[in-house]
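These are the residues of each chain, in order.
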Amino acid sequence: MRSYLELSARQNLGYTIKIRHSRGGFAAFGAALFLLSATAVPAITLKPINERSLKQEIARRRGKVVLVNLWSKSCPPCIASYPALVKLGRKYGPQGLSVISINVIDDEKTRAAWTIPFLKQKRPTFATFYENSKDQEAFIRSLDPKWYGSLPADFLYDAQGRRVVSFTKGVEQAKLEKAIQQQLARLPGPSRRASR
Amino acid sequence: MFSSPSSRRSVVSLFVAGSVWVPVWALTTQPKSEAPAVAEIGKLAPAFTLTSPQGKSFSLASDRSAKKVTLLMFISAECPVSNAYNERMVKLAQDYTPKGVRVLGINANGTESVEEIAKHAKAHGFPFPVLIDVGNVVADRYDAQVTPHTYVIDGSGILRYRGRIDDKQSGGPPTAQDLRNALDAVLAGKTVPVTDTRAFGCGIKRMEKE
């Protein structure tokens, strides 16, 4: 009887691997697993978030340095700097950085047609959300009372969940990375938690 | 000391350069002692004079003497969020200019050229001037962070409202007309119901300063 071992990686890699069960099947299966572990990224989903659930997301990352990033299709510098954000996540995730990326302004149609395909292309390894608060103002104020909603915006939190610095005046990649390094240096040791 | 022709030419060049730059500096920064360093609701709004791409000067101080209500709108020619408000800004000017409100657009984005700003204003039929805030001096004094970011100043020069136009950045009928509510209240001599609002938009691209 002919049988197939099917590894569905549709969500992660956008394709399906089919391996015929044969003498070499287990070796091929092992190779496929290795390939997946080396290249797989979490499935791209956009979960709703509001000021209350954001607070909870930050709190449950206690012990890690948290970077909250806000971006939109309506913000060209956000799009241009997103690959750098993905790199930051990959580079510092193993050292204890956890990124929470929040898409704002884009409506449901835009998110389906543009935002999710964009994220699938950029392949972030961090959690991605969309802002879904009843009161956008309350959401903005909850991040920084002095901030008026300018994008892109990044907020860095220390391991105790306290906001230590806000970057709201355009793309400040070098300053942001330096601030991340400073906070990571204060962690007691290499974080063993997952980066999400 | 400056006897050689080349030295004289240098001195003349310096003088000419100075005569050009000093008035520009004077036009863009006119701090008034009673106004706070950064604009605050309920306090005197910082005075300024800015010029349009056509070279015409507009001054807030002169508005005060004219007892006019002033609407400032920090906008952008490139920002998609600001551009989503173009028609609404035109309608605001059409609705409130006849009521005695002076409407001024301000572009403080260092990345947008004077030509681009003039072309954009013309293309969208702005019935208000768009002034160039060189070095984002006025944006800094108003702590304008985003486009669009609006300010309502009453006839006495007091800042009465700061924030969003409404709560719908991407179109559709807004549920909160904060700017219109503020303008209506100021024109009626009433208290502005909500004085400080915020909404997502493009950050003003500021000139880096030491």
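Being a predicted model, the structure only gives us computed values, none of them experimental.

Rules used throughout
- Here, residues in each chain are numbered from 1, in the same order as that chain's written sequence.
- Here every chain gets a letter starting at A, and every ligand a number starting at 1, in the order they are written.
- Residue-level local features of this predicted model are given only where pLDDT is at least 70; pairs of side-chain atoms are given and counted only at 80 or more, and the full residue set underlies all totals for whole chains, interfaces and linings.
- Hydrogen atoms and water are omitted, and side-chain values are computed over all heavy atoms in the structure.
- Between 30 and 60 degrees the pair is tilted, below 30 it is stacked and above 60 it is edge-to-face, where a pair is any two Phe, Tyr or Trp rings, Trp via its six-membered ring, whose centres lie within 6.5 Å.
- Numbering goes from the N terminus for both helices and strands, where a helix is a DSSP run of H or I of at least four residues and a strand is a run of E of at least two.
- Buried residues are those whose accessible area, probed at 1.4 Å on protein chains only, stays under 20% of the maximum for their type, while exposed residues exceed 50% and partly exposed ones sit between those limits.
- Two thresholds decide whether a charge sits over a ring: the Lys NZ or Arg CZ must be within 6 Å of the ring centre and within 35 degrees of the ring normal.
- Any carboxyl oxygen of Asp or Glu that lies within 4 Å of a side-chain nitrogen of Lys or Arg is treated as forming a salt bridge with it.
- We call a pair of cysteine sulfur atoms a disulfide whenever their separation is within 2.5 Å.

Caption draft 1: How the structure looks around the packing of aromatic side chains. Residues and elements named next belong to chain A. Taken as a whole and judged by the stated rule, the model has 14 aromatic pairs over all chains. Centroid distance Tyr82 to Phe118: 5.6 Å. Interplanar angle 70 degrees. Geometry classified as edge-to-face. One end of the pair, Tyr82, is in helix 4 (residues 76-92); the other, Phe118, is in helix 5 (residues 108-122), and 36 residues separate them in sequence. One exposure class covers both Tyr82 and Phe118, and it is buried. Relative to Phe118, the ring of Trp114 has its centre 4.8 Å away and its plane inclined at 15 degrees; by these criteria the two rings are stacked. Taken together, the positions of Trp114 and Phe118, both in helix 5 and 4 residues apart, correspond to about one turn of that helix. Judged by its relative accessible area of 23%, Trp114 is partly exposed. According to the relative accessible area criterion, Phe118 is buried, its value standing at 7%. Members of the aromatic cluster, joined through ring pairs, are Trp71, Tyr82, Trp114, Phe118 and Phe126. Its guanidinium or amino end placed over the ring of Trp114, Lys73 lies 5.9 Å from that ring's centre, counting from NZ or CZ.

Caption draft 2: Broad picture of the pattern of salt bridges. For the structure shown, the criterion picks out 16 salt bridges over all chains. When the shortest N-O distance is used, the salt bridge between Glu40(B) and Lys43(B) registers 3.2 Å. Judged by relative accessible area, Glu40(B) falls into the partly exposed class, the value being 36%. The class of Lys43(B) is partly exposed, set by a relative accessible area of 42%. Connected through shared salt-bridge partners, Glu57(A), Arg60(A) and Arg61(A) make up one network.

Caption draft 3: How the structure looks around the state of the cysteines. For the coordinates displayed, the defined rule picks out 2 disulfides over all chains. For Cys75(A), the disulfide goes to Cys78(A), at an S-S distance of 2.1 Å. As the torsion about the S-S bond is roughly 80 degrees, the Cys75(A)-Cys78(A) disulfide counts as right-handed. The pair Cys75(A) / Cys78(A) is uniform in exposure class, with both members buried. Here Cys79(B) is linked by a disulfide to Cys202(B), with a sulfur-sulfur distance of 2.0 Å. Measuring handedness by torsion sign, the sulfur bridge of Cys79(B) and Cys202(B) sits at about 80 degrees and is right-handed.

The analysis is restricted to geometry; functional conclusions fall outside its scope.
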